[in-house]
Amino acid sequence: MKVSMKRITRVGLLCILIIIAADIAIIKLSVQTSEPPRSSNSSTVSRHVTEHAVHGSNAANIKTLNEYEYSQGGKKHGLYIEEVFLALKSSKRFHKQRVGIILDTWYNYAQSSVYILTDGDDPSLAANFGNGSRYVNTKCGASHKDKDLMCKLQVMYDLYMSKIEQYKWFCSVDDDTYINIPNFVKMLREYDHDKDWYIGKPSLNHIYSVMEHKKKKISYWFATGGAALCISRALAKRMMPLCGNGEFIKRGEAINNPDDTAIGYVCNYLLGVPLTSIPEMHSHLEPMWQIDPLDYHKQISISWGEVVASKVIVIPNRLSIRDEIPQFPVSIDPTRAYTFHCHLFPKSDSCRKIQDRLGALPDA
């Protein structure tokens, strides 16, 4: 009997992995996008910056990236990272576990852009965000319930609108996501912030359907918050009557769905703006191990977490790092975020500090 159960478990697990892989393939084929052509050198940006200097202070890092990025082809619309409002969604219970990784890695290239929106006071953490000026205690609940998620989204949108002339893009990212800032900025430069753009990546392989006001079935596309998503300044302004001053919460109540699905409801369904899907953006809802290590430098965002295959089977969802890539042991880098960061920016000051704490990376 024990042997039979093991065989059943193995067969079940194999079937689940096959289904997941099929879903990812379907997503790539089924999602309609309005993505413009990319410049021929877009895939080599991070690698070039990696091979050149990203040393010294964080301000110097950002300046170096900006100067290099802006000098490259494909800059249809001038943009610096300082012109992007990047909301980092978190909860106090995840400050040490998740936000600490972000502070050690990609945050170093986007400090003046990142506002953390959380649900509790944390003075020591707040000091990292503009001495507290970009740390926002939303006063929302800490649960994952729709009401608390929509509360944070409302605070986030209102905060952006209060600073809209300073930032050309309104973007959001979860605290279990790594953003490759050079590729992120280069991607946004392909789009005009003065036109309506809703950018991200869907987590479903089909259009999403819900009941509006519990009466009418509607369908639309939405970008999952776990992969990061962006809205142009022009579109954010159009959203104001529907979303400003408490109205966003009402939109969520209309469909009985929270944050990222509510954003899709407003942008794609109510305002008719198509979702522009970016293949290089990834959330924890897709298998990270399917990303080819040879393509790491092309990615814009990655995530990590767990795939719950059954009540008794939980699979770590993280990058599958090849042996030839210098890496930290999984025991001290379970998310693989530190290894990924140092793979992209091996000469950076941030990678050096990570190695000072975790131990030197072995030679490839």
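Structural notes, computed from the coordinates. (Residues numbered from 1 in each chain as written. Predicted model: local features only at pLDDT ≥ 70, side-chain atom pairs only at ≥ 80, totals over all residues. Heavy atoms only, no water.)

Let us look at the pairing of strand β8 (residues 216–220). Alignment of strand β7 (residues 208–212) against β8, held across 5 bridges, turns out to be antiparallel. Following the sheet pairing, Val-210 is matched in β8 by Ile-218. Remark: 3 residues form the turn of the hairpin made by β7 and β8, two consecutive strands paired antiparallel; His-213 in that turn has positive phi of roughly 55°. (Pairing = 2+ DSSP bridges. Helix = DSSP H or I, 4+ residues; strand = E, 2+ residues; numbered from the N terminus.)

Summed over all chains, the structure comprises 17 aromatic pairs. Judged by centre distance (5.1 Å) and plane angle (90°), the rings of Tyr-178 and Phe-340 are edge-to-face. Remark: Phe-340 occurs in helix α11 (residues 337–344) and Tyr-178 occurs in strand β5 (residues 177–179); sequence separation between them is 162 residues. Judged by relative accessible area, which is 1%, Phe-340 ranks as buried. Between Tyr-220 and Tyr-265, the aromatic rings sit 6.0 Å apart at their centres with planes inclined by 45°, giving tilted as the arrangement. Pair noted here: Tyr-220 is in strand β8 and Tyr-265 is in helix α10 (residues 259–270), with a separation of 45 residues, a long-range link. Relative accessible area serves as the criterion here: at 2%, Tyr-265 is assigned to the buried category. (Phe/Tyr/Trp six-rings, centres within 6.5 Å; stacked < 30°, edge-to-face > 60°. Buried < 20%, exposed > 50% of the residue type's maximum accessible area, 1.4 Å probe, protein only.)

With 56 residues, the main nonpolar core has Phe-129, Trp-169, Phe-184 and Leu-188 as its most contacted residues. Among all residues touching Phe-184, those that are not within four sequence positions of it are Ile-81, Val-84, Leu-86, Cys-171, Ile-179, Cys-230 and Ile-300. Membership of the second largest hydrophobic core comes to 40 residues, among which are Phe-85, Tyr-157, Ile-164 and Cys-267. (Core = buried A, V, L, I, M, F, W, Y, C linked by side-chain atoms within 4.5 Å. Contact = heavy atoms within 4.5 Å.)

What follows covers the environment of Phe-340. As a C-alpha pair, Phe-340 and His-297 span 43 residues in sequence and 9.3 Å in three-dimensional space. Excluding residues within four positions of it along the chain, Phe-340 makes contact with Tyr-178, Tyr-296, Ile-302 and Leu-319.

On to the pattern of salt bridges, then. Enumeration according to the criterion identifies 19 salt bridges in this entry. Here Arg-322 and Glu-324 are joined by a salt bridge, their closest N and O atoms 3.9 Å apart. Its relative accessible area of 31% is what places Arg-322 among the partly exposed residues. Between Arg-336 and Asp-333 there is a salt bridge whose closest N-O contact spans 3.4 Å. A network of salt bridges, in which partner residues are shared, links Asp-349, Arg-352, Lys-353 and Asp-356. (Salt bridge = Lys/Arg side-chain N within 4 Å of Asp/Glu carboxyl O.)

Attention now moves to unusual backbone geometry. Positive phi is not limited to glycine here, since Ala-228 has a value of about 80°. Within the secondary structure layout, Ala-228 lies in the loop between β8 and β9 (229–232). Taking relative accessible area as the criterion, Ala-228 reaches 1% and is therefore assigned buried. Notably, Asn-245 is not glycine yet its phi reads approximately 50°, a positive angle. Relative to the helices and strands, Asn-245 is located in the loop between α8 (233–243) and α9 (247–255). The exposure class of Asn-245 is exposed, given its relative accessible area of 67%.

What follows is about the environment of Ser-320. By the secondary structure assignment, Ser-320 is in the loop between β13 (314–317) and α11. Along the sequence, Ser-320 and Asp-292 sit 28 residues apart, while their C-alpha atoms lie 8.4 Å from each other.

With that out of the way, let us pick up the state of the cysteines. Disulfides are covalent bonds that link the sulfur atoms of two cysteine residues. In this structure the tally under the stated criterion is 3 disulfides. Paired by a disulfide, Cys-171 and Cys-230 hold their sulfur atoms 2.1 Å apart. Residues Cys-171 and Cys-230 are joined through a disulfide that is right-handed, its torsion about the S-S bond being 115°. Of this pair, Cys-171 sits in strand β4 (residues 169–174) while Cys-230 sits in strand β9, and the two are 59 residues apart along the sequence. In this pair, the class of Cys-171 matches that of Cys-230, namely buried. (Disulfide = S-S within 2.5 Å.)

Of the two faces of β9, the one lined by Leu-229 and Ile-231 and the one lined by Cys-230 and Ser-232 are each fully buried. Here β4 runs beside β9; their pairing, made up of 4 bridges, is antiparallel. Paired with Phe-170 across the two strands is Ile-231, which belongs to β9.

Read these as geometric descriptors, not functional statements.
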